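Topology and contacts: notes
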There are 4 protein chains.
Amino acid sequence: MEEEILQGEAVEISLKDLSKKLEDFAKARDWEKYHSPRNLLLAMVGEVGELSEIFQWKGEVDKGLPNWEESDKEHLGEELSDVLLYLISSEALIFQSLGFKYILLMLWE
Amino acid sequence: MEEEILQGEAVEISLKDLSKKLEDFAKARDWEKYHSPRNLLLAMVGEVGELSEIFQWKGEVDKGLPNWEESDKEHLGEELSDVLLYLISSEALIFQSLGFKYILLMLWE
Amino acid sequence: MEEEILQGEAVEISLKDLSKKLEDFAKARDWEKYHSPRNLLLAMVGEVGELSEIFQWKGEVDKGLPNWEESDKEHLGEELSDVLLYLISSEALIFQSLGFKYILLMLWE
Amino acid sequence: MEEEILQGEAVEISLKDLSKKLEDFAKARDWEKYHSPRNLLLAMVGEVGELSEIFQWKGEVDKGLPNWEESDKEHLGEELSDVLLYLISSEALIFQSLGFKYILLMLWE
């Protein structure tokens, strides 16, 4: 039950609120001293690497991942999230949430 | 004026709505035939590469990118957006927006 | 003593002989069935990610890595090697060692 | 004729000699000031991205790339070379060609 609510919150959250939440999260852990643009970029490259490792020996895979073990899907969900978190954090560090305006120039035109 | 509204919309949009918008965008262009999990993953790796190229010869850079040319910032914003777009599209293809629930397991705990 | 000899061999080996050695190594383990171009490419992206993780929280680092622990250097050497191995294997799979001719077009011109 | 010789040289060159050649190449162009470990690592990530872009919309591809245009193969050969060049340069900067000894610990055991 609690998890269902959480899932709802996760996908309903805006880029801006997610960005703020990540900032608070890092502040509470005193991680801000590690957050330089290139540190976060390399951390994101690291997570993209972990994502790639999940797919590396599988050949082409179908949409929705039929036949995958539940534990592999969970692992994949975590790695996708890790890439998102470092990407949003990078953007905030550099642009204070204005960098993603370029999404719009494409999607709203 | 229009751009200000657009910026507001971009950062207020939820992960779920962004995901839906990207799906419509791809459908309208008949791009869905190219969207397999590994195709999108490699496309994301390509964009992460373009992001890295912006930083490659700069040594460490400061938060907020003081002294950067406006055109370099714009280019950077576009590459950040491109990574986000392929990441969200990958997630949708694989998980229908449930993969990011793992964000919450970390941020809401 | 043995390690010294090994180091010598490693740096003296030619791209061509290294490529042949890797092929034999994979054959002996029956790994060839996993070696498709995109599988090897994603495996290389994975190793580049592991390499990036070593550097991610360090800020800029000096040439030669003064002040690094020996164990961190060893880990780094392993990751550099892993990237090289997948890169050489990819090239062999695709080009039978002719892809690196482009090195020459640059270096010998 | 000249190209044949060049191809031969390229694949016969040892890791050590390639490393030396790259060092001379950079020195002659006064590029050494840009060569810090993280700059070269990000440059390599950039090239891995370009390599990925070549494969991104193709689905799985066969060994040897039958049916590829000659110009696409040439482009691919250049990107493979670029990754190799930055990898060898990184290794030299960090380890003076000792980092690849770890290849041997695996291949010669």
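Under an unreviewed UniProt entry, the name given to chain A is dCTP pyrophosphatase 1, and the organism recorded is Fraxinus pennsylvanica. UniProt lists a comment for chain A under the heading Subcellular location (unreviewed entry), and it reads "Cytoplasm, Cytosol". According to its UniProt record, chain A has this under Cofactor (unreviewed entry): "Mg(2+)".

Together, E69(D), E70(D), D72(D), E74(D) and E78(D) give the surface a local cluster of negative charge. Its place among the elements puts E78(D) in helix α4 (residues 70–95).

So, on to the interface of chain C and chain B. Taken residue by residue, the interface counts seven residues in chain C and seven residues in chain B. A buried area of about 650 Å², summed over both sides, lies between chain C and chain B, and 59% of it is on carbon and sulfur atoms. On the chain C side of the interface with chain B, the three residues burying the most area are R38(C), L42(C) and E60(C), jointly 69% of the side's total. Remark: the boundary between chain C and chain B carries zero salt bridges. Our count for the contact surface shared by chain C and chain B stands at two residue pairs in polar contact (both at pLDDT 80 or more). A per-class count over the side of chain C that touches chain B returns three nonpolar, two polar and two charged.

We now examine the interface of chain B and chain A. Every contact between the two is made by 65 residues of chain B and, on the other side, 65 residues of chain A. Taking both sides of the interface into account, the surface hidden between chain B and chain A amounts to around 6200 Å²; carbon and sulfur atoms contribute 74%. Counting across the chain B and chain A interface gives two salt bridges. As a salt-bridge pair, K16(B) and E12(A) come within 3.3 Å of each other at their nearest N and O atoms. The interface formed by chain B and chain A contains twelve residue pairs in polar contact (both at pLDDT 80 or more).

What follows is about the pattern of salt bridges. Residues and elements named next belong to chain C. Tallying each qualifying case throughout the model produces 20 salt bridges over all chains. Between D24 and K20 there is a salt bridge, with its nearest N and O atoms 3.0 Å apart. Taken together, the residues span about one helical turn, with D24 and K20 both in helix α2 (residues 15–28) at a distance of four residues. Here K20 falls in the partly exposed class, since its relative accessible area comes to 46%.

Quick notes on the rules
Residues numbered from 1 in each chain as written. Chains lettered and ligands numbered in written order. Predicted model: local features only at pLDDT ≥ 70, side-chain atom pairs only at ≥ 80, totals over all residues. Heavy atoms only, no water. UniProt positions renumbered as here; feature names shortened; annotations may be inferred. Patch = residues over 30% accessible without salt bridge, like charges linked within 9 Å, V, L, I, M, F, W, Y side chains within 5 Å. Areas by Shrake-Rupley, 256 points an atom, 1.4 Å probe, with all protein chains shown as cover. Salt bridge = Lys/Arg side-chain N within 4 Å of Asp/Glu carboxyl O. Lys, Arg positive; Asp, Glu negative; His and termini not counted. Charge placed at Lys NZ, Arg CZ, Asp CG, Glu CD. Helix = DSSP H or I, 4+ residues; strand = E, 2+ residues; numbered from the N terminus. Contact = heavy atoms within 4.5 Å. Buried area = accessible area lost by both parts, 1.4 Å probe. Polar contact = N/O pair within 3.5 Å; in protein donor to acceptor, adjacent residues only side chain to side chain. Nonpolar A, V, L, I, M, F, W, Y, C, P; charged D, E, K, R; others polar. Buried < 20%, exposed > 50% of the residue type's maximum accessible area, 1.4 Å probe, protein only.

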